[in-house]
Amino acid sequence: MSNLLEVNQVSKSFGDYKALNNVSLNVPKGSIFGLLGPNGAGKTTLIRIINQITMPDAGIVHLDGVPLNASHIKDIGYLPEERGLYKSMKVGEQALYLAQLKGLSKTEAKKRLKYWFDRLEIGDWWNKKIQELSKGMAQKIQFVVTVLHNPKLLIFDEPFSGFDPINANLIKDEILNLRDNGATVIFSTHRMESVEELCDDIALINKSNKLIEGKLIDIKRQYKTNTFEVGLEAENKEKLQAVLADKFSISSANFKSLNNDLKLNIKLSENEKAQDLIAFLNNQAYINHFVEVIPSANDIFIQTVQNNS
Amino acid sequence: MNHLSLIIKREYLTKVKNKSFIVMTILSPVIMIALIAVIAYLTNLNNEKVRTISVLDESGLVKEIFQNTAQTHYDVLDNVSLAVAKEIVSSTSNYGLLHIEKINSLNEVSKHIKFYSEESPSLSVISDLERKLEKKLTHLKLKEAGLNVAQIKASKVRINIGQENFTGQESSKIDSVIKLVFGCAAGYLLFMFIIIYGNMIMRSVIEEKTSRIIEVIISSVKPVQLMLGKIIGTSLAGITQFVIWVVFGGVLMTIVSLVLGINLMEATPQQEVVAMATQGSDAMFYFESFKQALNHMPLINLIVAFVFFFIGGYLLYSSLYAAIGAAVDNETDTQQFMLPILMPLILAVYIGIFTVIEDPHGTVSTVFSYIPLTSPVVMLMRIPFGVPIWQQLLALLILIGSFMFTVWFAAKIYRVGILMYGKKPSYKELIKWLKY
């Protein structure tokens, strides 16, 4: 699979402050790419470089194999975190203006706006001013304006902030739909549950440096600790726990269960296998629950950032 | 280019469609004309009122000079004491009492003239009386000294030194006054235009920051394009407003003067008009001088220079206004940056008024007509007096050069500033931004 976006050794400083330090990234075509990192890590700077809002001090960015240039503006749709619209302008006029700035002709922009406005059921807002709309409504318009010109690359910075759960879901489905229609999405957020839900690939930036990058699945594999969560039904739980503690490294676990189980996390060493654990447990007790502990994006995020500082 | 025209169009349309803009455009000339009409009406009213001034001339020297006029009637009292005269005046609605003491020496009489009234009298009434008395008493004193008054009058000469430069261009003192009026009008117009519409640009940049749309926009267009688009769009809106003001104001003025029957243009106190009319030769003299002055003025040069210096000066300042707008978050924070912009502008107007009138080609005027921040105003004021073309071109060149520099400078500030939220930068930080 080829990459739509390749960021090569990009550095950027603001005075004495280094915002990005030799960051390289590859965003595969057709993927949803999570750009993660704590506040002030350099995500926004990187996104602004991709949008050609700021120029990098060093390094180069390729879009579809070509170094970034002015003609790429129409290939990118960007929904910034700090976003808004002209308050006293009418919705329709404003959307047309922004679409034309992205290179669409007026008639084409009108046609596509009609499609999107009907699709999101906001057609009757055309002649309203932004200041008459609620924040969530304005966000919907902003979303439409971002995707209207069918860009190859979509960049969403915290797209769900300001949406109620229903509309957040609607937007999430639209993002997936756009991906299925061939768009590549970069998705910058703090909300790890939406990363789990949406992202195929992630990169984590902390303190101007990229720490991890790759397929979310691969990263999870890499971060898994060979730990299993078990729920055991036994007559003498204390005795069972002592036996297990003797053989494995265990800690108590917490999950919902219908039985009064002994709930444990059991960590295996590298060369021990899950089948052996199951066989061993099967001899000791009745197994109600057996699951491999997969690190969540949240865990990976916190662990990586904490190790880094 | 396409982006630029889109931005200009939007800026122009949103400005022009804005309610407060429309209200201001229509209301300003209405208010102005209403004010002029009220003032003219009141002046007329004032002039039509007849004042009666009582005169008690105990010296008997000046009685005959108090002839009734349309506005002022004189009531000459005889054989009464001052106290009685005062009572008479206060019991009637007369304006006041002029009292001339009975003293034999002419020198002493002049020192003992008093005006009594209920309220403090108007300055014009007093100076009118003073002029009358001065003339009469001077006359009497000349007679006393044995001089022939008629001869003295006849030997009075009126002089207006004709001026001509070596290329044969004639001018005169009145020329200079008229030229100065033209120069000041041009300079002042530019000054007003910069302040009103420069502020408008600044506000519209701030609006983009506060509404947080800026990042969306500059992911599509270059900040410089956005800035230039804003400047040009706002300027066009400004010109529209100006033209409407002039046309609408002119039409209103005509209507009002027709309806009220007041000649607004000649709302000057009537006696002066009358005085002008009686001295027909004088009026002709001024009119001729005015015509001459117009002929002497390099009109085409003035118009061309006006266009170029106006545009250059306006763009120079408006790019600075745009940079200020980009550097701050809200209008209250703009104060610290406004001063360095307003200072040279005000300085230019003062230099124009005080030094150009004194010596249009002196060192101060010449130097300041080269310095880019003051040159548009000062040069426009100098040009009616005839400035060599090479000087104008040089000044224009410097202006254009510095305009390009300020656009570069403003664009730098703009590019960084529009993405900075929530903090008021210091000058030191602004300089740092230039290096980003």
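Residues numbered from 1 in each chain as written. Chains lettered and ligands numbered in written order. Predicted model: local features only at pLDDT ≥ 70, side-chain atom pairs only at ≥ 80, totals over all residues. Heavy atoms only, no water.

Chain B is annotated in an unreviewed UniProt entry as ABC transporter permease from Seonamhaeicola algicola. Under the Subcellular location (unreviewed entry) heading, UniProt states for chain B: "Cell membrane". (UniProt positions renumbered as here; feature names shortened; annotations may be inferred.)

Chain A goes by ATP-binding cassette domain-containing protein in an unreviewed UniProt entry, where it is assigned to Seonamhaeicola algicola. On record in UniProt, under Sequence similarities (unreviewed entry), the comment for chain A is "Belongs to the ABC transporter superfamily."

(A) Highlighting the packing of aromatic side chains. Applying the stated criterion to the full structure yields 20 aromatic pairs over all chains. Ring geometry for Trp116 of chain A and Phe143 of chain A: centres 6.3 Å apart, planes at 80°, overall edge-to-face. Separated by 27 residues along the polypeptide, Trp116 of chain A in helix H3 (residues 106–119) and Phe143 of chain A in helix H4 (residues 135–147) bring together distant segments of the chain. Each member of the pair, Trp116 of chain A as well as Phe143 of chain A, is classed as buried. Here the aromatic cluster, defined as three or more aromatic residues joined through ring pairs, consists of Phe193, Tyr197, Phe242, Trp245, Phe306, Phe310 and Tyr314 of chain B. (Phe/Tyr/Trp six-rings, centres within 6.5 Å; stacked < 30°, edge-to-face > 60°. Helix = DSSP H or I, 4+ residues; strand = E, 2+ residues; numbered from the N terminus. Buried < 20%, exposed > 50% of the residue type's maximum accessible area, 1.4 Å probe, protein only.)

(B) Examining the interface of chain B and chain A more closely. Taken together, the 22 residues of chain B in the interface contact 25 residues of chain A. Of the roughly 2500 Å² buried between chain B and chain A, counting both surfaces, carbon and sulfur atoms make up 58%. Applying the counting rule to chain B against chain A returns three salt bridges. In this structure, Lys17 of chain B engages Glu93 of chain A in a salt bridge whose closest nitrogen and oxygen atoms are separated by 3.2 Å. Between chain B and chain A we count eight residue pairs in polar contact (both at pLDDT 80 or more) in total. For the side of chain B that touches chain A, the secondary-structure elements that each account for two or more residues are helix H1 (2–17), helix H7 (173–210) and helix H8 (214–218) of chain B. Among the elements that make up the side of chain B that touches chain A, the one with the highest residue count is H1 of chain B (six residues). Tallied by class, the residues present in the side of chain B that touches chain A amount to 10 nonpolar, six polar and six charged. (Contact = heavy atoms within 4.5 Å. Buried area = accessible area lost by both parts, 1.4 Å probe. Salt bridge = Lys/Arg side-chain N within 4 Å of Asp/Glu carboxyl O. Polar contact = N/O pair within 3.5 Å; in protein donor to acceptor, adjacent residues only side chain to side chain. Nonpolar A, V, L, I, M, F, W, Y, C, P; charged D, E, K, R; others polar.)

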